[in-house]
Amino acid sequence: MDEEYDVIVLGTGLTECILSGLLSVEGKKVLHMDRNDYYGGDSASLNLTQLYRKFRPGQSPATELGRDRDYAVDLIPKFIIASGELTEILVHTDVTRYLDFKQIAGSFVYRDGRISKVPSTEMEAVRSPLMGIFEKRRAKKFFEFLQGWKDNDPTTHQGLNLDKDSMKTVYEKFGLEPGTQDFIGHAMALYLDDDYINKPARPTYNRIVLYTSSMSRYGKSPYIYPLYGLGELPQSFARLSAIYGGTYMLDKPIDKIVTDSDGKFIGVTSGGETVKAKQVIGDPSYFGAGSEEDSGSIRVIEVGKVVRAICFLKHPIPGTDDSDSVQLIIPQNQVGRRNDIYIAMVSSTHNVCAKDIYVAIVSTIVETDKPELEIVPGLNLLGPIYDKFVSVTPLYEHTSDGTNDNIFITRSYDATSHFETVVEDVRDVWQRVTGSSLVLKKRDPAAEL
């Protein structure tokens, strides 16, 4: 390991793999290492043996769950928004050639004690049981306003300024009830909490338009999902990196991050060998995760926790039209919380579990000292649960931007139900590492031959 690299990447989570792939395409000499013997880090998909080894060491899976190789269970439940930024990166890098996608069958919201489909057009809004007849008319006008908005045509603005007026002002303009605001803000704009309401309306407008355009792309729901689980995503970007000369080493415990007397990054020590590079990128677990390192500096701090329950069911979620896959959001106001509860369910049609098994993952941001009780409203909607695996994961952020010491740390995967925040982190790290904004270039496959 006496070669020198431009960048060493630690951890094969999706964020790190996208970055190593894009940096390799740019001509950087990349070494990518992971302490695990599988790709994906925190965003891996595990087979039954790996799942039990992680959550119940020494215990074997029940034989009635079927074959080990039929399973690819996501540790982090997220779906891809069809018209979102991750889709754009997948298409521009041509990583889509390594993947097959399937649509998620339905997008649902829990309100007033029942599960309902999220309306995404004015016609669906008119038919939705979420609203009374007068509220449906108001919602129809609201959606027509959003679809008709043109920045350079004041006649479409109805006296509103999206960059100055708050979302609260927009809701009030159309007289929308709190329950309607709930499903628009949480099930369509996909906010985790209600902080957005008093901020300028533009980001919410953009989020709703993203949701509706994703919905219209395939119908049924705005989400797509890779066959064989989310762990396929980091592996596909790892292939991209390898095509462009990236080197991968799995099952390599990292002993030490080596810095010089000024605290600047020099290299990484693994198994008694040190490999040198100009820069290092990695997930928080490789940088002390809040503990003091040899240098005495704290590189990452805990900013919260996420509780997740991976549940095996032998039936679809009741009240979701027997859908083989769903996104179900419980807005925080419905259960007296500050943060929403998310349920993501997939099944054997996505090649992630045995036939007649459904995998539902319930998650939220921890607010109390009893995290498992916080997801009970979500667990209660699943019907009988065959088995469940609960984890409480800290969320970490970096304490410095890395420009002084060449150590660039990614963020932990948050509780959102999609990958938009992951792409935000990719763009942020790219800017810090290269000093320029990420511009996606169309790949020329012929140049790789």
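Here the structure is shown first, and the text comes after it.
Anyway, here's the lowdown on the structure attached to this text. Here, residues in each chain are numbered from 1, in the same order as that chain's written sequence. Local features are withheld for residues below a pLDDT of 70 in this predicted model, meaning they are given only at 70 or higher, and side-chain atom pairs are given and counted only at 80 or more; totals for whole chains, interfaces and linings count all residues. Side-chain calculation: all heavy atoms of the structure are included, whereas hydrogens and water are not.

## Here's the deal with the overall build of the protein
Part 1 of the argument: Helix and strand labels come from DSSP, where a helix needs a run of H or I of at least four residues and a strand needs a run of E of at least two; each type is numbered from the N terminus. Helices and strands together make up the secondary structure of the protein, namely twelve helices and 19 strands.
Part 2 of the argument: Against the 2.2 N^0.38 benchmark of 22 Å for 449 residues, the protein shows a C-alpha radius of gyration of 23 Å, consistent with a compact globule.
Part 3 of the argument: In terms of principal-axis extent, the alpha carbons of the protein reach across some 70 × 60 × 50 Å.
Part 4 of the argument: To sort residues, take the accessible area from a 1.4 Å probe on protein chains only and compare it with the maximum for the residue type: under 20% means buried, over 50% means exposed, and anything in between is partly exposed. The burial tally for the protein puts 54% of its 449 residues in the buried class. Atoms considered for the radius of gyration are the C-alpha atoms alone. The globule rule reads 2.2 Å times the number of residues to the power 0.38.

## Here's the deal with the pattern of salt bridges
Part 1 of the argument: What counts as a salt bridge is simple: a side-chain nitrogen of Lys or Arg found within 4 Å of a carboxyl oxygen of Asp or Glu. Tallied over the entire structure, the rule returns 23 salt bridges.
Part 2 of the argument: Note that Asp387 and Arg56 form a salt bridge whose closest N and O atoms lie 2.8 Å from each other. With a gap of 331 residues between them, Asp387 in strand β18 (residues 387–398) and Arg56 in the loop between α2 (48–55) and β4 (73–74) connect regions that are remote in the sequence. Here the two residues Asp387 and Arg56 agree in accessibility, since each one is buried.
Part 3 of the argument: Where Glu177 meets Arg138, a salt bridge forms, and the shortest distance between an N and an O atom there is 3.5 Å. Within this pair, whereas Glu177 is found in the loop between α6 (167–173) and α7 (178–188), its partner Arg138 is found in helix α5 (residues 133–148), the two being separated by 39 residues in sequence.

## Details of the sheet that holds strand β17 (residues 358–365)
By way of backbone hydrogen bonds, the strands of a sheet pair with one another, either parallel or antiparallel.
Part 1 of the argument: Reading across from one edge, β8-β7-β15-β16-β17-β14-β18 is the order of the seven strands in this open sheet, with mixed pairing throughout. Looking along the sheet, the strands with just one partner apiece sit at the ends: β8 (114–117) and β18. If you compare each strand with its neighbour and ignore which way they point, the axes differ by 25 degrees on average.
Part 2 of the argument: The pairing criterion is simple: DSSP has to find at least two bridges between the two strands. Across five bridges, the pairing between strand β15 (residues 326–330) and strand β16 (residues 341–347) is antiparallel. Along β16, the bridge assignment pairs Leu328 with Ile343.
Part 3 of the argument: Running over the sheet, α2 touches β14 (300–313) and β18 and is turned about 70 degrees from β18. Only C-alpha atoms enter the line fits that serve as axes; for helices the fit covers just the stretch in contact. Angles between N-to-C directions range over 0 to 180 degrees. Any two residues whose heavy atoms approach within 4.5 Å at even a single point are treated as in contact.

## Things to note about the packing of aromatic side chains
Part 1 of the argument: Note on aromatic pairs: the rings of Phe, Tyr and Trp (six-membered ring only in Trp) are paired at centre separations within 6.5 Å, and the planes decide the class, stacked below 30 degrees, edge-to-face beyond 60, tilted for the rest. Tallied over the full model, the rule gives 15 aromatic pairs.
Part 2 of the argument: Geometrically, the ring pair formed by Phe142 and Tyr171 is tilted, given 6.2 Å between the ring centres and 40 degrees between the ring planes. One end of the pair, Phe142, is in helix α5; the other, Tyr171, is in helix α6, and 29 residues separate them in sequence.
Part 3 of the argument: Taking relative accessible area as the criterion, Phe142 reaches 0% and is therefore assigned buried.
Part 4 of the argument: Here a set of aromatic residues connected by ring pairs shows up, and it is made of Phe142, Phe143, Phe145, Trp149, Tyr171, Phe174 and Tyr205.
Part 5 of the argument: For a Lys NZ or an Arg CZ to count as sitting over a ring, it must be within 6 Å of the ring centre and within 35 degrees of the ring normal. Of note, Lys29 hangs over the ring of Tyr5, and the distance from its end group to the ring centre comes to 5.2 Å.

## Some words on empty space enclosed by the protein
Part 1 of the argument: Residues are called lining when one of their atoms sits within 4 Å of a cavity or pocket point, these points coming from a 1 Å grid over the protein atoms alone, where a cavity is a set in which a 1.4 Å probe fits but cannot get out and a pocket is an open set with protein on both sides within 12 Å along at least five of seven lines. Grid points are joined across faces, edges and corners, and a volume is the space filled by probe spheres set on the points. Per the stated rule, a full pass over the model turns up five cavities of 30 Å³ or more.
Part 2 of the argument: Where the lining of the largest cavity is concerned, the elements lending two or more residues are β4, β16 and β17.
Part 3 of the argument: Following the grouping adopted for this structure description, the nonpolar residues are Ala, Val, Leu, Ile, Met, Phe, Trp, Tyr, Cys and Pro, the charged ones are Asp, Glu, Lys and Arg, and the polar ones are all others, Gly among them. Residues of the lining of the largest cavity, tallied by class, amount to nine nonpolar, no polar and two charged.
Part 4 of the argument: Lining the second largest cavity are Gly13, Glu16, Gly41, Asp42, Asp283, Pro284, Thr410, Arg411, Ser412 and Tyr413.
Part 5 of the argument: For the lining of the second largest cavity, a count of residues per class yields two nonpolar, four polar and four charged.

## Quick look at the sheet that holds strand β6 (residues 101–103)
Part 1 of the argument: Pairing is antiparallel in the open sheet, where three strands are placed in the order β5-β9-β6. Among the strands making up the open sheet, the edge pair consists of β5 (80–81) and β6.
Part 2 of the argument: Here two bridges tie β5 to strand β9 (residues 223–226), and the two strands are oriented antiparallel to one another. Within the sheet, the bridge partner assigned to Ile81 lies in β9 and is Tyr223.

## Comments concerning α5
Note that an α-helix has 3.6 residues per turn; residues three or four places apart therefore point the same way.
Part 1 of the argument: Working rule for helices: expected span equals 1.5 Å times residues minus one. Here α5 is 16 residues long and its end C-alpha atoms lie 23 Å apart, about the 22 Å a rise of 1.5 Å per residue gives.
Part 2 of the argument: For α5, the full list of buried residues reads Glu135, Lys136, Ala139, Phe142, Phe143, Phe145 and Leu146.

## Looking at helix α9 (residues 232–243)
Part 1 of the argument: End to end, α9 covers 17 Å across twelve residues, agreeing with the expected 16 Å (1.5 Å per residue, within 8%).
Part 2 of the argument: Of all the positions in α9, only Leu233, Pro234, Ser236, Phe237, Ala238, Leu240 and Ser241 are classed as buried.
Part 3 of the argument: Within two residues after α9, Gly245 carries a phi angle of roughly 95 degrees, on the positive side.

So, to be careful, I would describe these as geometric facts and stop short of saying anything about function.
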